Amino acid sequence: MKNAPWVLENRDENSFLINREAFISDDVLKLEWRKIFNTCWIYVGHASEIRNPGDFQTRKVAGRPILFCRDVNGEVRALLNVCSHRGAIVCREREGNARGFYCMYHGWTFNTDGSLKAAPGEDAYGPKFDRSTHGLTPAPRLESYRDFWFVNFDPDAVSLDEYLAGAKDYIDLVVDQSPSGRMEIISGTQEYDIKANWKLLVENSVDDYHIIATHTTWIQYMINSGVNMKRPKGLLLPSAGKGVDLGNGHLTTDNPNYRGRPVAKWISVYGEEAKADIDHIREELVARLGEARAERVANTNRNLVIFPNLVINDGSSVTVRNFTPVSADLMKVTSWALGTVEETKEQRARRLHAFLTFYGPGGFATPDDVAALEAAQEGYSAFREAGWNDLSRGMHKAPDDQLDTDEGHMRCFWRKWSQLMEAN
Ligand code: FES
Ligand code: FE
């Protein structure tokens, strides 16, 4: 399949190129399933989505149907939602609460821990039939960090804790917004397809270089709302953020707060009546975390990529965004709003407003992003003649000097991707 490398890095020339075939080839996608999605920790869901014993969510994770549930004893499970009898999908509802799961094909039933409860006419299997070997198969590994649950289909993978590396510090910044350290997924899901390769959304989620060109509608809206969007000389954005390598292919932007956060600033959008409320939140943060940490939590933004396909946009709201390839040129995106369990109705309303208006599929940003990604995907059809993406912005500078408008953090993703794809 492969004649040229997918990633061509020349440090002497400050050149970092991506072979456009990596975005369009079905063979590349096949390899990605095997070398990336079968070996990395893949996000499955948040603890708050299965709060009570018997709660369940059905998901597609790394191409497999997964039943993410809390069993009747309160233990979190990730079971392959595949009947041990003849393979039918067992639970066909999206979410709910159940005392057990019933397969509609021949009526086998399973307990919430996945064990087989009963098979109609079990006698016909003879005396050696062993229920204990006929349960739903669990994902080989299931671990969590601060209520974010991940599965791994490689039984020998490193622990999630080790895998997340520097990304943990940034997850902490998100979760520390809550006085009790508990966040929750807010009911209601955004789902949409993008006719583009899944890796383009990784790039786009942390690409602050595109903001001025792509998001003119949003910028105008911010200016009209009274937000200071003036750019200091030499900067593409109102303030200089960083692009940060977090290790193991994880990366983030780390920006001062010019975009505003629903529970911290952006009075101009939410009105003066929000001010007392926001001051109160700020006071709690300072009392609990100290001035410096409170400043970090409340007044900086981050778009965090957990390799390979989870993004946490902690900006004007907190959006948990997960995306999965369907084919080389199509992905399914699912996004949830995440909020503190303590917030009031008014705070929650502001958060949801921000969730919808910026990152939502009908918001100020996402439709323009989708258009840009689909335009890029279309352009890759000419890969034979115009074969390479240039991702070398800022490469002449030291790693610590990489701005969010540079492409250094994206290069971290591609180095990890390339390392896994080249591995035997
Ligand atoms: Fe599930 Fe037969 S396939 S009971
Ligand atoms: Fe964008």
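Cut-offs and rules
- Residues numbered from 1 in each chain as written.
- Chains lettered and ligands numbered in written order.
- Predicted model: local features only at pLDDT ≥ 70, side-chain atom pairs only at ≥ 80, totals over all residues.
- Heavy atoms only, no water.
- Helix = DSSP H or I, 4+ residues; strand = E, 2+ residues; numbered from the N terminus.
- Rg over C-alpha atoms; globule rule 2.2 N^0.38 Å.
- Buried < 20%, exposed > 50% of the residue type's maximum accessible area, 1.4 Å probe, protein only.
- Contact = heavy atoms within 4.5 Å.
- Salt bridge = Lys/Arg side-chain N within 4 Å of Asp/Glu carboxyl O.
- Core = buried A, V, L, I, M, F, W, Y, C linked by side-chain atoms within 4.5 Å.
- Pairing = 2+ DSSP bridges.
- Axes fitted to C-alpha atoms, helices over the stretch in contact; angles between N-to-C directions.
- Polar contact = N/O pair within 3.5 Å; in protein donor to acceptor, adjacent residues only side chain to side chain.
- pLDDT = per-residue confidence, 0-100.
- Donors = N, O, S within 2.8 Å, 3.2 Å for Na, K, Ca; no water.
- Tetrahedral: all angles 85-135°; square planar, octahedral: opposite > 155°, others 65-115°.
- Parallel < 35°, antiparallel > 145°, perpendicular 65-115°, else oblique.
- Nonpolar A, V, L, I, M, F, W, Y, C, P; charged D, E, K, R; others polar.

So, about the overall build of the chain. A count of helical and extended segments in the chain gives 12 helices and 20 strands. What you see for the chain is a C-alpha radius of gyration of 23 Å, in line with the 22 Å of a compact globule of 424 residues. For the chain, the spread of C-alpha atoms along the three principal axes comes to 80 × 60 × 35 Å. Here the chain holds 424 residues, and the buried ones make up 54% of them. Sequence separation of 24 or more characterises 64% of the internal contacts of the chain that already satisfy a separation of 6 or more.

Tallying each qualifying case throughout the model produces 24 salt bridges. Among the ionic pairs, Asp176 bridges to Arg293, the shortest N-O distance being 2.7 Å. Of this pair, Asp176 sits in the loop between α3 (167–175) and β13 (183–194) while Arg293 sits in helix α9 (residues 291–299); the two residues are 117 residues apart in sequence, bridging distant segments of the chain. Residue Asp176 is classed as buried on the basis of its relative accessible area, which comes to 13%. Residue Arg293 is classed as partly exposed on the basis of its relative accessible area, which comes to 28%. A salt bridge links Glu295 to Arg282; the shortest N-O distance between them is 3.2 Å. Of the two residues, Glu295 sits in helix α9 while Arg282 sits in helix α8 (residues 274–289), which places them 13 residues apart along the sequence. The exposure class of Arg282 is partly exposed, given its relative accessible area of 21%.

A general trend in soluble globular proteins is that nonpolar side chains are found buried together. Phe148, Phe150, Ile194, Trp198, Met331, Trp414 and Trp417 are the most contacted members of the largest nonpolar core, which has 84 residues in total. Contact partners of Met331, with chain neighbours within four places excluded, come to Tyr192, Asp193, Ile194, Ala196, Asn197, Trp198, Leu201, Phe323, Thr324, Pro325, Val326 and Leu373. Counting 17 residues, the second largest nonpolar core, distinct from the first, contains Cys83, Leu116, Ala119 and Leu136.

What links the strands of a sheet is backbone hydrogen bonding, and the strands pair in either a parallel or an antiparallel sense. Strand order in this open sheet of four strands is β6-β5-β4-β7, and the pairing throughout is antiparallel. Strands with a single pairing partner mark the edges of an open sheet, and in this sheet they are β6 (76–80) and β7 (95–97). The average undirected angle you get between the axes of adjacent strands in this sheet is 25°.

It is worth spelling out the sheet that holds strand β11 (residues 141–145) at this point. The three strands lie next to each other as β3-β12-β11, forming an open sheet whose pairing is antiparallel. Each edge of the open sheet carries a strand with a single partner, namely β3 (42–46) and β11. Pairs of neighbouring strands in the sheet enclose a mean axial angle of 30°, with direction left out of account. Here β11 pairs with strand β12 (residues 148–152) via five bridges, running antiparallel. When the bridges of β12 are listed, Ser144 appears paired with Trp149.

This brings us to the side chain of Asp55. Tracing the backbone through its elements, the reader meets Asp55 in strand β4 (residues 55–61). Separated by 2.7 Å, the side chains of Asp55 and Asn97 make a polar contact. Residues contacting Asp55, with those up to four places away along its chain left out, are Glu49, Ile50, Phe68, Cys69, Arg70, Gly96 and Asn97.

Right, let's get into the confidence of the model for the chain. Across the chain, the average pLDDT comes to 92, with 95% of residues at 70 or higher. Note that pLDDT drops below 50 for residues 262–267; the model gives that stretch 29 contacts with residues more than four away or on any other chain.

What follows deals with the coordination of the iron ion (ligand 2). Six octahedral donors at a metal ideally form angles of 90 or 180 degrees, and four tetrahedral donors ideally form angles of 109.5 degrees. Taken together, the protein ligands of the iron ion (ligand 2) are His210 (NE2), His215 (NE2), Asp369 (OD) and Asp369 (OD), with distances of 2.0 to 2.5 Å. With four donor atoms in place around the iron ion (ligand 2) and angles of 56 to 145° between them, the coordination shape is irregular. By relative accessible area, His215 is classed as buried at 2%. Here Asp369 falls in the buried class, since its relative accessible area comes to 9%.

Right, let's get into the side chain of Asn322. Note that Asn322 resides in strand β18 (residues 318–327). Of note is the side chain of Asn322, whose polar atom sits 2.8 Å from the backbone oxygen of Asn309. For Asn322, the residues in contact, after removing those within four places along its chain, are Tyr43, Asn309, Leu310, Lys332, Val333, Thr334 and Trp336.

Further remarks concern the environment of Cys40. Residue position: Cys40 is located in the loop between α1 (26–37) and β3. Separated by 235 residues in sequence, Cys40 and Lys275 have C-alpha atoms that sit 43 Å apart. Among all residues touching Cys40, those that are not within four sequence positions of it are Val151, Asn152, Tyr163, Phe307, Pro308 and Leu420.

This part takes up the packing of α1 against helix α12 (residues 408–422). Relative orientation of the contacting elements α1 and α12 amounts to 90°, with a least axis distance of 9 Å. Classified by the angle between their axes, α1 and α12 sit roughly perpendicular to one another. Listed contacts from α12 to Val28, Leu31, Glu32, Lys35 and Ile36 of α1 are Trp417, Leu420, Met421 and Glu422. Residues of the contact of α1 with α12, tallied by class, amount to six nonpolar, no polar and three charged.

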